[in-house]
Amino acid sequence: MSTARTHSAPRVIFDLDGTLVDSEPNYYEAGRRLLARHGVPDFSWEHHTRYIGISTRETLEALRAEYGIGAPVDELLIAKNSLYLELARASTEVFPEMRKFVERLYARGVPMAVASGSSRAAIEAVLDGTGLDAYFTLAVSAEEVPHGKPAPDVFLEAARRLGADPADCVVLEDAPPGVVAARAAGMRCVAVPYVPGTADDPAFLGAELLFARGQGEFTARAAEAWLSGTGWESR
């Protein structure tokens, strides 16, 4: 007799920044302005990309140590969030195929959540400003769990709030730390690298589905077809 586990209907958990929305330019600009205030005039986009997928607090802790900034992390965090929220409210782009995917899942009644390394205020500002709040009633911030990605905490908390077994959850991620976190949580992962040049990162090998060319390759139809063929019972 087979003892294979029968999966229930999927729950889909989305990373926010770089996966659902192209918020990285706003995070970079907020970080650049903040560091300039503290005597760092040459913070580059290339340097910023090293921290994609890492929580804002952990990024600031690393930058504070690297540049010898004396201000406390909490002070830096408040300042960066303020700068970011100003930029995010003015303009944040939703990746078009991601919006289509969310709309298709919503129409099918698939439970969804956002799990992000951003602050609660930043998540709410982006969801409200882009209209994605119409589809997501559940969001978890790294502020609400002990450890940010690559630890699995934020995804496990999202599964708990969804009332789901982690094995019944699929995560969409754009960065290696997020893929590592999803796998550590015991969840399947669809990876859509924000920086396509990083698609050969070993972490992406842990994803069940990889769109190696990033958002330029991702389509709602392909993602939905894969999800339908994973062995889950249809709703």
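Up top is the structure these notes are about.
Residues numbered from 1 in each chain as written. Predicted model: local features only at pLDDT ≥ 70, side-chain atom pairs only at ≥ 80, totals over all residues. Heavy atoms only, no water.

**A word on helix α4 (residues 73–90)**
Turning to step 1, where the next piece is worked out: Look at α4: 26 Å from first C-alpha to last across 18 residues, which is about the 26 Å you get at 1.5 Å a residue.
Turning to step 2, where the next piece is worked out: For α4, every residue scored as buried is listed here: Val 73, Leu 76, Leu 77, Ala 79, Lys 80, Asn 81, Leu 83, Tyr 84, Leu 85, Leu 87 and Ala 88.
Turning to step 3, where the next piece is worked out: Looking at the packing, one finds that the buried side of α4 touches α1 (24–37), α3 (56–67) and α6 (120–130). (Helix = DSSP H or I, 4+ residues; strand = E, 2+ residues; numbered from the N terminus. Expected span 1.5 Å × (residues − 1). Buried < 20%, exposed > 50% of the residue type's maximum accessible area, 1.4 Å probe, protein only. Contact = heavy atoms within 4.5 Å.)

**Thoughts on the sheet that holds strand β6 (residues 169–173)**
Turning to step 1, where the next piece is worked out: On the basis of which strands lie adjacent, the open sheet formed by 6 strands has the order β5-β4-β1-β6-β7-β8 and parallel pairing. Unpaired on one side and paired on the other, β5 (139–141) and β8 (209–210) mark the two borders of the sheet.
Turning to step 2, where the next piece is worked out: Summarising the sheet, strand β4 (residues 112–116) and β5 pair through 3 bridges and their orientation is parallel. By the bridge assignment, Val 114 is partnered in β5 with Ala 139.
Turning to step 3, where the next piece is worked out: Along the sheet, helix α7 (residues 153–162) makes contact with β1 (11–14), β4, β5 and β6, crossing β4 at roughly 155°. (Pairing = 2+ DSSP bridges. Axes fitted to C-alpha atoms, helices over the stretch in contact; angles between N-to-C directions.)

**Here's the deal with the pairing of β4**
Turning to step 1, where the next piece is worked out: With respect to burial, β4 is a largely interior element, 5 of its 5 residues being buried.
Turning to step 2, where the next piece is worked out: Of the two faces of β4, the one lined by Met 112, Val 114 and Ser 116 and the one lined by Ala 113 and Ala 115 are each fully buried.
Turning to step 3, where the next piece is worked out: For β1 and β4, the ladder comprises 3 bridges, and the chain directions are parallel. Looking at β4, one finds that Ile 13 is bridged to Ala 113.
Turning to step 4, where the next piece is worked out: This β-α-β element, β4 to α6 to β5, shows right-handed connectivity. (Right-handed = clockwise from strand over helix to strand, strands pointing away.)

**Focus: the side chain of Thr 130**
Turning to step 1, where the next piece is worked out: Structurally, Thr 130 can be placed in helix α6.
Turning to step 2, where the next piece is worked out: Here Thr 130 is in contact with Val 21, Thr 92, Val 94 and Arg 99, once residues within four sequence places are set aside.

**Some thoughts on the environment of Ala 139**
Turning to step 1, where the next piece is worked out: Locating Ala 139 in the fold gives a position in strand β5.
Turning to step 2, where the next piece is worked out: Residues Ala 139 and Ile 123, 16 residues apart in the sequence, show an inter-C-alpha distance of 7.7 Å.

**A closer look at the pairing of β6**
Turning to step 1, where the next piece is worked out: Counting buried residues along β6, 5 of its 5 residues qualify, which places the element largely inside the surrounding structure.
Turning to step 2, where the next piece is worked out: Alternating residues of β6 divide into Cys 169, Val 171 and Glu 173 and Val 170 and Leu 172, and every residue in both groups is buried.
Turning to step 3, where the next piece is worked out: Sheet topology note: the β6/strand β7 (residues 188–191) ladder contains 4 bridges and is parallel. Bridging from a neighbouring strand, Leu 172 pairs with Val 190 of β7.
Turning to step 4, where the next piece is worked out: This β-α-β element, β6 to helix α8 (residues 176–184) to β7, shows right-handed connectivity.

**Details of unusual backbone geometry**
Turning to step 1, where the next piece is worked out: A cis amide bond links Lys 149 with the next residue in sequence, Pro 150, at an omega value of 15°.
Turning to step 2, where the next piece is worked out: As for its placement among the helices and strands, Pro 150 is situated in the loop between β5 and α7.

**A word on the packing of α3 against α4**
Turning to step 1, where the next piece is worked out: Two elements in contact, α3 and α4, have axes separated by 10 Å at closest approach and are oriented at 120°. Classified by the angle between their axes, α3 and α4 sit oblique to one another. As α3 packs across α4, the resulting crossing turns out to be right-handed. Every residue of α4 that contacts α3 at Thr 56, Arg 57, Leu 60, Glu 61 and Arg 64 is listed here: Val 73, Asp 74, Leu 76, Leu 77, Lys 80 and Asn 81. (Parallel < 35°, antiparallel > 145°, perpendicular 65-115°, else oblique. Left-handed = near helix turned anticlockwise from the far one by under 90°.)

**Focus on the pattern of salt bridges**
Turning to step 1, where the next piece is worked out: Summed over the entire model, instances satisfying the criterion amount to 14 salt bridges.
Turning to step 2, where the next piece is worked out: With its nearest N and O atoms 2.8 Å apart, the salt bridge here joins Lys 149 to Asp 15. Here Lys 149, found in the loop between β5 and α7, pairs with Asp 15, found in the loop between β1 and β2 (21–22); they are 134 residues apart in sequence, far enough to count as distant. No difference in accessibility class separates Lys 149 from Asp 15, as the two residues are buried.
Turning to step 3, where the next piece is worked out: In this structure, Glu 224 engages Arg 104 in a salt bridge whose closest nitrogen and oxygen atoms are separated by 3.0 Å. Note that Glu 224 is positioned in helix α9 (residues 220–228) and Arg 104 in helix α5 (residues 96–108), a separation of 120 residues in sequence.
Turning to step 4, where the next piece is worked out: With relative accessibility at 15%, the residue Glu 224 sits in the buried group. (Salt bridge = Lys/Arg side-chain N within 4 Å of Asp/Glu carboxyl O.)

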